[in-house]
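# Summary of the model geometry
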Amino acid sequence: MRYALCAMRPTPMRFQKIKGTRDILPEEIGRWQAAEAVIHQVMARFGFSEIRPPIFEETELFARSIGQLTDIVSKEMYSFVDRGEKNLTLRPELTAGVVRAFVENNLGKKQPVNKLYYLGSAFRQENPQAGRQRQFQQFGAEILGSPEPAADVEAISLSMAVYRAFQLERFVVKLNSVGDVVCREPYKQKLREYLRPRFDRLCKTCQQRFEKNPLRILDCKEAGCRVETAEAPKLFDELCENCVRHFARVQQLLEAGGMKYELDFRLVRGLDYYTRTAYEITSDQLGAQDALCGGGRYDLLVEELGGDATPAVGFAAGMERLMMVLEKIGWQPTTPKAPIIFLAPLGEAAVLWAVQAAAQLRQNGMTVEMDLLNRGLKAQLREANRQQARFAVIVGDNELQTQHAAVRDLTSSQQTEVAFVDLISYFQQNSF
Ligand code: HAM
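Cut-off values and rules
- Residues numbered from 1 in each chain as written.
- Predicted model: local features only at pLDDT ≥ 70, side-chain atom pairs only at ≥ 80, totals over all residues.
- Heavy atoms only, no water.
- Domains from an automatic or database assignment.
- Near = heavy atom within 4 Å.
- Polar contact = N/O pair within 3.5 Å; in protein donor to acceptor, adjacent residues only side chain to side chain.
- Areas by Shrake-Rupley, 256 points an atom, 1.4 Å probe, with all protein chains shown as cover.
- Helix = DSSP H or I, 4+ residues; strand = E, 2+ residues; numbered from the N terminus.
- Nonpolar A, V, L, I, M, F, W, Y, C, P; charged D, E, K, R; others polar.
- Salt bridge = Lys/Arg side-chain N within 4 Å of Asp/Glu carboxyl O.
- Buried < 20%, exposed > 50% of the residue type's maximum accessible area, 1.4 Å probe, protein only.
- Axes fitted to C-alpha atoms, helices over the stretch in contact; angles between N-to-C directions.
- Parallel < 35°, antiparallel > 145°, perpendicular 65-115°, else oblique.
- Left-handed = near helix turned anticlockwise from the far one by under 90°.
- Contact = heavy atoms within 4.5 Å.
- Pairing = 2+ DSSP bridges.
- Core = buried A, V, L, I, M, F, W, Y, C linked by side-chain atoms within 4.5 Å.

## Concerning the domain arrangement of the protein
What the domain assignment lists for the protein is domain 1 (26-180 + 240-329) and domain 2 (340-431). Centre-to-centre separation of domain 1 and domain 2, based on C-alpha positions: 49 Å.

Below, the structure written as structure tokens:
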């Protein structure tokens, strides 16, 4: 019978991770957790509350929010039909889900301004390269309910504060205004007129963008296109009166707060929901994918998703890109590691004792490791040293008889006899 079962086992097969995804391994996870802790702290300092929207949503939500013609929606989404015939998509960003949750849960009725932040995975089927993955982590923040330039500046200042909290000073804030429904269409027309005589010299992609999405021609990286657009009319020179006033005030407030920025007429962002302020923070330590974060104002989105008209502004940032820069600047997390108590039982009865002792010590907040391989004393002590444990607690038949453990301080190599009943208070006094 046993043989028959074995014969039915499938041939073993090794799997590899999907292109553009990564494993964050135990050796790196401490840095990630410490970096995430810094982000949570800064968000709390700015009065933002965490929100965790689902990882997948209806495809239509993203198509409507980000825009049907954007690269994200037209080429990069991981979409699928579930068993109930619903069209679903793994979120390519979190803003759409946050706004959906804001509307669905009537958050706008609960307080005049909602300041929300998030940290989580997003998915885009892009060509993977350094700093660009198919599954990546974003942290970001959204301020819903304020039309004021002060809210734009709060979002920009929050993103800068996150980088500063890591002692990262070398970054550039690039600022633009993409106008609103009043001034953007006339500008697009003006841009088309300017580019029409240059059409043949634009790259293929930009020729396709010409009719439907001419703004994206401004941020094309092709040298030829950059030459053709160098002297193009600039959107921030063509803004309507309200947008001019808003943009000027944002700059005034940034300056008042000592926040340096550069105006960048090429910055148009790859998502369609923006109105007025658009910004990015770039780093020269990242290579081609140099945007640490990006965001801006999106005053129409809440209404477009069925909510009451609610002006909003926010940003999102790539966690992997942050980690890359932190590696470059040699950032070291400061979180101290809890001292490890290593239980080294010798023999079956001692293992029984160790399982109970481990439970009690852990209940009292201590970090406890235990040999799980039934090894001899030497091998166990070697393991305790490898784990940089602070104490080894050796218990064999003798110790069980006397009800005293041999506690070895692995930094000083001194050994003490401690009664089983006193172990918790001994460690409380000696290591915490
Ligand atoms: P986004 O510019 O598409 O904006 O993405 C924000 C950031 O996410 C980028 O600056 C970059 O750091 C990171 N990122 C984007 N794609 C990838 C990728 N494939 N691999 C690694 N990192 C990536 C948004 O997502 C908007 N939701 C931002 C926003 C929030 N606007 C208003 N509120």
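## Looking at the site of the ligand
For the ligand, the set of nearby residues contains 28 residues, the closest of which are Glu 93, Thr 95, Glu 126, Gln 133 and Tyr 274. Between the ligand and the protein, one listed contact pairs an oxygen atom with a backbone N or O atom of Leu 292 at 3.1 Å. When the free accessible area of the ligand is taken as 660 Å², the share hidden by the protein chains comes to 95%. Secondary-structure elements contributing two or more residues to the shell around the ligand are β6 (135-144), β10 (291-297) and β11 (312-318). It is β10 that contributes the most residues to the shell around the ligand, six residues altogether. Looking at the shell around the ligand residue by residue, the classes come out as 12 nonpolar, nine polar and seven charged.

## Structural notes on the pattern of salt bridges
Inspection of every chain in the model, using the stated rule, returns 27 salt bridges. Of the charged contacts, one joins Glu 327 and Arg 31 as a salt bridge, the two residues approaching to 3.9 Å between their closest N and O atoms. Here the residue Glu 327 occupies a position in helix α14 (residues 319-329), and Arg 31 occupies one in helix α2 (residues 26-45), the gap between them amounting to 296 residues. Residue classification places Arg 31 among the buried positions, given a relative accessible area of 19%. Among the charged side chains, a salt-bridge network with shared partners connects Asp 371, Arg 375, Glu 383 and Arg 386.

## So, the packing of α2 against helix α7 (residues 149-165)
Closest axis-to-axis distance for the α2/α7 pair is 10 Å, and the angle between their directions is 140°. Classed by the angle they form, the pair α2 and α7 counts as oblique. The element α2 and its partner α7 pack so that their crossing is right-handed. Between α2 and α7, the residues in contact are Val 38, Ile 39, Val 42 and Met 43 and Leu 158, Ala 161, Val 162 and Ala 165, respectively.

## Concerning the sheet that holds strand β2 (residues 56-58)
Pairing in this open sheet of three strands is antiparallel, and the strands run β2-β4-β3 from one edge to the other. Every interior strand has two partners, whereas the edge strands, β2 and β3 (78-81), have only one. Averaged over all neighbouring strand pairs, the angle between strand axes comes to 35°, with direction disregarded. Note: β3 against strand β4 (residues 87-90), four bridges, orientation antiparallel. Residue Ser 79 lies in a different strand from β4, and its bridge partner there is Thr 89. Sitting on the sheet, helix α3 (residues 59-66) is in contact with β2, β3 and β4, with an inclination near 80° to β2.

## Some points on the sheet that holds strand β8 (residues 262-263)
Strand order across the open sheet formed by eight strands is β1-β5-β6-β11-β10-β9-β7-β8, with mixed pairing between neighbours. Of all the strands in the sheet, the pair left with one neighbour each is β1 (49-50) and β8. As judged from the two bridges shared by strand β7 (residues 172-177) and β8, these two strands associate in the parallel manner. Bridge pairing links Lys 174 to Glu 262 in β8. Here α7 sits on the sheet in contact with β5 (114-123), β6, β7, β9 (277-282), β10 and β11, set at roughly 20° to β11.

## Quick notes on the packing of α2 against α14
Direction vectors running N to C along α2 and α14 enclose 110°, while the axes themselves pass 11 Å from each other. Overall, the two elements α2 and α14 adopt an arrangement that is roughly perpendicular. Judged by residue contacts, Arg 31, Trp 32, Ala 35, Glu 36 and Ile 39 of α2 engage Met 319, Glu 320, Leu 322, Met 323, Leu 326 and Glu 327 from α14. Class assignment for the residues of the contact of α2 with α14 results in seven nonpolar, no polar and four charged.

## Focus: the nonpolar core
One finds Phe 139 and Tyr 163 to be the most contacted residues of the largest nonpolar core, which totals 102 residues. Counting residues per element, this core draws most heavily on α7, which supplies nine residues. Contact partners of Phe 139, with chain neighbours within four places excluded, come to Ile 39, Met 43, Tyr 118, Leu 119, Val 162, Tyr 163, Phe 315, Ala 316, Ala 317, Gly 318, Met 319 and Leu 322. Ranked by size, the runner-up nonpolar core spans 22 residues in total, among them Ala 350, Val 393, Val 395 and Val 407.

## Looking at the pairing of β11
In regular strands, side chains alternate between the two faces of the sheet. Burial within β11 is extensive, with seven of its seven residues counted as buried. Residues Ala 312, Gly 314, Ala 316 and Gly 318 line one face of β11 and the alternating positions Val 313, Phe 315 and Ala 317 line the opposite face, and both faces are buried. Relative to β11, β6 runs antiparallel, the two sharing seven bridges. Its bridge partner being in β11, Gly 140 is matched across the sheet by Ala 316. For β10 and β11, the ladder comprises five bridges, and the chain directions are antiparallel. The residue bridging Gly 295 from the neighbouring strand is Phe 315, located in β11.

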